[in-house]
Amino acid sequence: MKLSKILAGVALSVGLASPALADPLELKFGHVGAPGSLFEASANEFARCANEKLAGKVDVQTFGSSQLGKDKELLQKLKLGQVDFSLPSSVMSSVSDVFGVFEMPYIISDRDHMKRVEAAILESTLQPAVQAKGYRILAIWENGFRHITNNVRPINVPADLEGIKLRTPKGAWRVKMFKLYGANPTPLSFSEVFTALQTGVIDGQENPYAQIWSAKFQEVQKYLSITGHVYTPGYLLVSDKHFAKLPQDVQAGLEQCGKETQAFVYDTAAKLEVELLNNLKEGGIQVNTADNAAFIEASKPIYDDFAAEVEGGQELVDTVRSLADGT
């Protein structure tokens, strides 16, 4: 064989083995959002940003509708390195008690308030809490302001919830809150809710409009009561250990995309609040606006419990409340 052919073959084999020509690193993003949900839009925008910014280095692939697991399973899979990103919301109060502050009724007034809270407590309080459990928050996004749907009656005041079997996420504070209001809270994974509503195992549930609409709950619910009782952030979460193993430039690019995606998320969420409420009304579900003052008055005991049971709870509540007016 001619030397030129041998050298050409060697050059080809070296070229194929070169890191520059290596396949991009596949990174899996699992979440529970259905098609058309804010979660789906958020995850897809993050993937678009990352795959563009880190072209050739990573390939972020999104898997919604609990394809890779429910929230609790995704938390475990992050630690095992089987999933690279997840988007938990209410379930974070089971990771650390400090996230229960976002379970306090009416504590977050709007997105500008949430931005100020994030600036004040993300690095000082939330990040250390999750890192102690092996996670890292790359960005805070949104699940949204939650409202109640059910098949029994319109909910105007807390007493209207008496005896209603209401699905809640698997978080202790949400369960406590609805017990306080007189409901019969039933924790279920999000992927199980539609069938439970359809078969009458539960009477109702509570979620932001984007989750209600995309999961088609309006097809199996008679009443939508606008309560806005809790604002739930969504957290772009990774395994601290596995994320730290990525190349530095990849880590930086992913962190940047996480933060850049927040503006898209908040803008999309605000638009969906208007659009989807109209869609739900047009779809035939009966809509009423609840008496928020009555719910706020009934919520005082849950704040007292949080202050008593969570270390630094009262200080955390005071900090969040102090940022409500922008001062």
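Everything numeric in this text was worked out from a predicted model, so none of it was measured. Within any chain, residue numbers begin from 1 and follow the written order of that chain's sequence. Per-residue local features are limited, in this predicted model, to residues with pLDDT of at least 70; the limit for side-chain atom pairs, both in listing and counting, is 80 or more; totals at the level of whole chains, interfaces and linings are taken over all residues. To get the side-chain values, all heavy atoms of the structure are used, and hydrogens and water are removed first.

1. Topic: the packing of aromatic side chains
Right, on to step 1. Note on aromatic pairs: the rings of Phe, Tyr and Trp (six-membered ring only in Trp) are paired at centre separations within 6.5 Å, and the planes decide the class, stacked below 30 degrees, edge-to-face beyond 60, tilted for the rest. Applying the stated criterion across every chain, the model contains 11 aromatic pairs.
Right, on to step 2. For the ring pair Phe-29 and Phe-46, a centre distance of 5.9 Å and an interplane angle of 75° mean the geometry is edge-to-face. Of this pair, Phe-29 sits in strand S1 (residues 25–30) while Phe-46 sits in helix H2 (residues 38–53), and the two are 17 residues apart along the sequence.
Right, on to step 3. For each residue, the accessible area found with a 1.4 Å probe, counting protein chains only, is set against the maximum for its type, and the residue is called buried under 20%, exposed over 50%, and partly exposed in between. By relative accessible area, Phe-29 is classed as buried at 0%.
Right, on to step 4. Accessibility expressed as a relative area gives 0% for Phe-46, which makes it buried.
Right, on to step 5. Between Phe-46 and Phe-85, the aromatic rings sit 5.1 Å apart at their centres with planes inclined by 70°, giving edge-to-face as the arrangement. Of this pair, Phe-46 sits in helix H2 while Phe-85 sits in strand S3 (residues 85–86), placing them 39 residues apart in sequence. This pair shows no difference in class: Phe-46 is buried, exactly as Phe-85 is.
Right, on to step 6. Aromatic ring contacts, followed pair by pair, group Phe-29, Phe-46, Phe-85 and Trp-141 into a single cluster.
Right, on to step 7. Above the plane of the ring of Trp-173 lies Lys-176, whose end atom (NZ or CZ) is 4.3 Å from the centre.
Right, on to step 8. Charge-over-ring placement is defined geometrically: NZ (Lys) or CZ (Arg) within 6 Å of the ring centre, and within 35 degrees of the ring normal. When the ring centre of Tyr-303 is taken as reference, the NZ or CZ atom of Arg-321 above it lies at 4.2 Å. Only DSSP runs of H or I reaching four residues or more are called helices, and only runs of E reaching two or more are called strands; each is numbered from the N terminus.

2. Considerations on the state of the cysteines
Right, on to step 1. Any cysteine sulfur atom paired with another within 2.5 Å is treated as part of a disulfide. According to the stated counting rule, one finds one disulfide in the structure shown.
Right, on to step 2. The disulfide partner of Cys-49 is Cys-257, and the gap between their sulfur atoms is 2.1 Å. Taking the torsion about the sulfur-sulfur bond, which here is approximately -80°, the covalent link between Cys-49 and Cys-257 counts as left-handed. Of the two residues, Cys-49 sits in helix H2 while Cys-257 sits in helix H9 (residues 248–282), which places them 208 residues apart along the sequence. Assigned by exposure class, Cys-49 and Cys-257 land together as buried.

3. As for the pairing of strand S9 (residues 223–226)
Right, on to step 1. Because side chains alternate across S9, one face comprises the buried residues Tyr-223 and Ser-225, and the other comprises Leu-224 and Ile-226, equally buried.
Right, on to step 2. Sheet analysis places strand S5 (residues 147–150) next to S9, joined by three bridges and oriented antiparallel. Residue pairing for S9: Ile-148 is matched across the bridge by Ser-225.
Right, on to step 3. Relative to strand S11 (residues 286–289), S9 is paired through four bridges, and the arrangement is parallel. Bridge pairing in S11 places Ile-226 opposite Thr-289. Note on pairing: DSSP must find at least two bridges between two strands before they are called paired.

4. Some remarks on the packing of H2 against H9
Right, on to step 1. Two elements in contact, H2 and H9, have axes separated by 9 Å at closest approach and are oriented at 145°. In this structure, H2 meets H9 at a crossing whose hand is right-handed. For the pair H2 and H9, the contacting residues are Leu-38, Ala-41, Ser-42, Glu-45, Phe-46, Cys-49, Ala-50 and Lys-53 in the first and Gly-253, Leu-254, Gln-256, Cys-257, Gly-258, Glu-260, Thr-261, Phe-264, Val-265, Thr-268, Ala-269 and Leu-272 in the second.
Right, on to step 2. Looking at the contact of H2 with H9 residue by residue, the classes come out as 11 nonpolar, six polar and three charged. Orientation is described by lines fitted to C-alpha atoms, with helices fitted over the stretch in contact, and by angles between N-to-C directions that extend from 0 to 180 degrees. If you view the pair so one helix is near and one far, a crossing is left-handed when the near helix is turned anticlockwise from the far one by less than a right angle, and right-handed when it is turned clockwise. Note on contacts: a residue pair is in contact if any heavy atoms of the two residues lie within 4.5 Å. Only Asp, Glu, Lys and Arg are considered charged, only Ala, Val, Leu, Ile, Met, Phe, Trp, Tyr, Cys and Pro nonpolar, and every remaining residue, Gly among them, polar.

5. A closer look at unusual backbone geometry
Right, on to step 1. Positive phi, close to 60°, is recorded for Tyr-106, a residue that is not glycine.
Right, on to step 2. Among the structural elements, Tyr-106 can be located in the loop between S3 and helix H4 (111–131).
Right, on to step 3. Within the chain, Lys-216 stands out as a residue other than glycine whose phi angle is a positive 65°.
Right, on to step 4. Tracing the backbone through its elements, the reader meets Lys-216 in the loop between helix H7 (209–214) and S9.

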